[in-house]
Amino acid sequence: MADLVIIGASYAGTQLALAARANGFQGSITMIGDEPHAPYQRPPLSKGFLSDAVDASSLPLQSPERFREERITLRTGVSARRIDRQARTVSLSDGAQLRYDHLALTTGARCRRLPCEGAELRHVYYLRDLADACDIKARAREASKAVVVGGGFIGLEVAASLRTLGLDVTVVELQERLLQRAVPALISTFLQAAHQQQGVRFRLETRIRRLLGDEVVTGVELETGEIIAADMVIAGLGVVPNVELAEDCGLAVDNGIVVDRFARTSDPAIVAAGDCASYPNPWMPAQAHEAGAGDAGRCVRIESIQSANDLARVAGATIADRPAPYEAVPWFWSDQYGYKLQMAGFSAGHDEAVMRGDMAAGRFTSVYLKHGIVVGADSVNRPQDHMAARRLIAARVRPDPDALADESVALKTLIPA
Ligand SMILES: Cc1cc2nc3c(=O)[nH]c(=O)nc-3n(C[C@H](O)[C@H](O)[C@H](O)COP(=O)(O)OP(=O)(O)OC[C@H]3O[C@@H](n4cnc5c(N)ncnc54)[C@H](O)[C@@H]3O)c2cc1C
């Protein structure tokens, strides 16, 4: 019987193992994870777990019984060091060697580090895993002033959580607006105002010159010369994909491990999924100059639970010899204070935006159209709009913009039967 080895025990790894079983894969499944824990949820680490609303007991992704029932062997606290594609083996840090017929790379990503002087000081943090979150939480109990470097999702969620815990928080961002890569300007403006109402300060279009302190960080010096006092600094500068294992064994890598719509790498025995993989996403329009992108969409590496889970489902089906291409509409969410921001589709490149609801009241949906077709939607505290928007995007609906804007018309009624 065939052996499946999965490197990386988190969202993509777990989903891939379950999907392989659900599609009838009968061989052995071994999942290798270098963290000491069984797979757990990461989103709460910057949200409810950090702000003390939920504790660690609610974090596991699956129960130990489920892994047992599905005959998934989990080996935690051990890392994969080398892949030999000829011999079809994986060497582990504990000296073991595993043979595979199918190999899955779900190695995720790691935090980009601060490049400036002082980055090695104590109480400078990054947030990727449970250990990081516990360290930040422990320091937040003693600290009173935090500087967050980076106004992306992680930075803003950390800012909100630390503010909720009562710390004085300043966010420093290089770009002229928050979340510049991820959302249109109106969402950036809304979130910035929400944070400012809670007392968070911002320094936009500002670069860090260095971190100050002797052993322990005491402040941040900006390129403007301004010094902001800090008892802790948290950097949210984005992530880099963990592609070294793939690169070392000669797989194609280009801002992620390159896979096709069936999650296959350049070696047919190896699939990849999650934050480490770059794949053709049908909802990301191909650019005219991109050879080969065609109707399959543009290659993207998406850092989200949806992408990790859905590409892993595809990879699991591929392994079980029931291939079905990736088709899922992308979606994402972020919780900050009492606001749940939910995003569907890709709004970049839209030529029309329609507002539903009341932005000032913190309950609205901005729907994005391109050539009249719904391509994306950002909702704040309107979960029903978000769910309907995913289906409008999937159906490539061309709605009447007046109906979209009319709150008396439920979005779901615009979905064709
Ligand atoms: C604080 C935080 C908040 C987030 N919030 C959201 C959110 O609200 N919504 C959302 O959609 N997404 C969110 N994300 C992103 C989301 O968590 C990631 O997209 C998701 O975790 C990707 O899953 P993955 O399985 O691909 O990779 P990961 O979760 O990164 O897991 C990869 C695992 O593989 C392990 N590994 C790597 N190399 C090896 C090796 N050689 N041997 C053994 N093990 C290895 C890693 O240590 C890790 O445990 C958040 C992320 C963080 C950190």
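Student: It is not clear to me how the domain arrangement of the chain should be interpreted in this structure. Could you clarify?
Tutor: In many analyses, interface size is given as the accessible surface area lost on bringing the parts together. By the assigned domains, the chain splits into domain 1 (3-110 + 239-319), domain 2 (113-235) and domain 3 (350-414). Taking the mean C-alpha position of each, domain 1 and domain 3 sit 32 Å from one another.

Student: Before we go on, may I ask you to explain the packing of aromatic side chains in this structure?
Tutor: This structure, assessed with the given rule, holds 6 aromatic pairs. Ring geometry for Phe153 against Phe332: centres 4.8 Å apart, planes inclined by 50°, an arrangement best described as tilted. Here Phe332 lies in strand E22 (residues 331-336) and Phe153 lies in helix H4 (residues 153-164), a separation of 179 residues in the sequence. The class for Phe153 is buried, based on a relative accessible area of 16%. When its relative accessible area of 23% is taken as the criterion, Phe332 is described as partly exposed. For the ring pair Phe190 and Phe364, a centre distance of 5.1 Å and an interplane angle of 75° mean the geometry is edge-to-face. Residue Phe190 is found in helix H5 (residues 185-197), and its partner Phe364 is found in strand E25 (residues 363-370); the two are separated by 174 residues along the sequence. With respect to class, Phe190 is no different from Phe364; both count as buried. What links up through ring pairs into an aromatic cluster is the set Phe153, Trp331, Phe332 and Trp333. Here the basic side chain of Lys137 rests over the ring of Phe49, its NZ or CZ set 3.7 Å away from the ring centre.

Student: Honestly, the nonpolar core in this entry has me stumped. Any pointers?
Tutor: Note that soluble globular proteins tend to have their nonpolar side chains buried in a common cluster. Core analysis: the biggest nonpolar cluster contains 72 residues, and Leu4, Ile7, Leu16, Leu103 and Leu105 have the highest contact counts within it. Here this core gets 7 residues from one element, more than from any other, and that element is helix H7 (residues 305-319). Counting only domains with at least three residues in this core, you end up with domain 1 (3-110 + 239-319) and domain 3 (350-414). Apart from the residues within four sequence positions on either side, Ile7 is in contact with Ile32, Ala80, Ile83, Val90, Leu103, Ala104, Leu105, Thr106, Thr107 and Leu245. Judged by nonpolar contacts, the second largest core, of 37 residues, contains Ile136, Ala146, Ala159 and Met343.

Student: I'm lost on the sheet that holds strand E24 (residues 352-358) in this one. Help?
Tutor: Within a beta sheet, neighbouring strands are joined by backbone hydrogen bonds and run either parallel or antiparallel to one another. The strand order E22-E23-E26-E25-E24 describes an open sheet built from 5 strands, whose pairing is antiparallel. Unpaired on one side and paired on the other, E22 and E24 mark the two borders of the sheet. When the angles between neighbouring strand axes are averaged without regard to direction, this sheet yields 15°. Pairing geometry for E25 and strand E26 (residues 373-380), over 7 bridges, is antiparallel. Paired with Thr365 across the two strands is Ser379, which belongs to E26. Each of E22, strand E23 (339-345), E24, E25 and E26 touches helix H8 (residues 383-394); the most contacted strand, E26, lies at about 165° to it.

Student: Would you explain the sheet that holds strand E20 (residues 277-281) in this entry?
Tutor: Spatial ordering of the open sheet is given by E18-E20-E21, a layout of 3 strands whose pairing is mixed. Each having just a single partner strand, strand E18 (257-258) and strand E21 (298-300) make up the two edges of the open sheet. Two strands pair when backbone bridges link them, and E18 and E20 are joined in this way by 2 bridges, in the parallel orientation. Bridge pairing links Ile257 to Ala277 in E20.

Student: Can you walk me through H7 in this structure?
Tutor: Owing to its 3.6 residues per turn, the α-helix aligns residues three or four sequence positions apart on the same side. Taking 1.5 Å as the rise per residue, H7 with 15 residues should run 21 Å; its terminal C-alpha atoms sit 21 Å apart, in good agreement. With respect to burial, H7 is a largely interior element, 14 of its 15 residues being buried. Phi for Asp321, located one or two positions after H7, is positive at around 65°.

Student: What should I look at first to understand unusual backbone geometry in this one?
Tutor: Look at Asp321: it is not a glycine, yet its phi comes out positive at around 65°. Relative to the elements of secondary structure, Asp321 occurs in the loop between H7 and E22. On the basis of relative accessible area, Asp321 is assigned to the exposed category, the value being 65%. Non-glycine residue Asn381 carries a positive phi angle of around 50°. Along the chain, Asn381 turns up in the loop between E26 and H8.

Student: Help me understand helix H3 (residues 130-142) in this model?
Tutor: Look at H3: 19 Å from first C-alpha to last across 13 residues, which is about the 18 Å you get at 1.5 Å a residue. Residues of H3 that are buried: Leu130, Asp132, Ala133, Ile136, Lys137, Arg139 and Ala140. Buried residues along H3 sit against strand E9 (124-126), H4 and strand E16 (232-235). The N-cap of H3, judged by a side-chain oxygen 3.2 Å from the amide nitrogen of Ala131 a few residues on, is Asp129.

Student: Before we go on, may I ask you to explain the site of the ligand in this structure?
Tutor: Around the ligand, 34 residues are found, and the nearest of them are Ser10, Asp34, Glu35, Arg42 and Lys47. The separation between an oxygen atom of the ligand and a polar side-chain atom of Arg42 is 2.7 Å. Residue Ala80 places a main-chain N or O atom 2.9 Å away from a nitrogen atom belonging to the ligand. Relative to its unbound accessible area of 1,000 Å², the ligand is 93% covered by the protein chains. Those elements that place two or more of their residues in the shell around the ligand are helix H1 (11-22), strand E2 (28-33), H7 and E22. No fewer than three residues from each of domain 1 (3-110 + 239-319) and domain 2 (113-235) sit in the shell around the ligand.

Student: Would you mind showing me how to read the pairing of E26 here?
Tutor: On any regular strand, side chains alternate: one points to one face of the sheet, the next to the other face. Most of E26 sits out of view: 6 of its 8 residues are buried. Alignment of E23 against E26, held across 5 bridges, turns out to be antiparallel. Bridge pairing links Gln342 to Ser379 in E26. The turn linking E25 back onto E26 is made up of 2 residues, and His371 within it adopts a positive phi angle of 50°.

What counts, and where the lines are drawn
Residues numbered from 1 in each chain as written. Predicted model: local features only at pLDDT ≥ 70, side-chain atom pairs only at ≥ 80, totals over all residues. Heavy atoms only, no water. Domains from an automatic or database assignment. Phe/Tyr/Trp six-rings, centres within 6.5 Å; stacked < 30°, edge-to-face > 60°. Helix = DSSP H or I, 4+ residues; strand = E, 2+ residues; numbered from the N terminus. Buried < 20%, exposed > 50% of the residue type's maximum accessible area, 1.4 Å probe, protein only. Lys NZ or Arg CZ within 6 Å of the ring centre and 35° of its normal. Core = buried A, V, L, I, M, F, W, Y, C linked by side-chain atoms within 4.5 Å. Contact = heavy atoms within 4.5 Å. Pairing = 2+ DSSP bridges. Axes fitted to C-alpha atoms, helices over the stretch in contact; angles between N-to-C directions. Expected span 1.5 Å × (residues − 1). Polar contact = N/O pair within 3.5 Å; in protein donor to acceptor, adjacent residues only side chain to side chain. Near = heavy atom within 4 Å. Areas by Shrake-Rupley, 256 points an atom, 1.4 Å probe, with all protein chains shown as cover.

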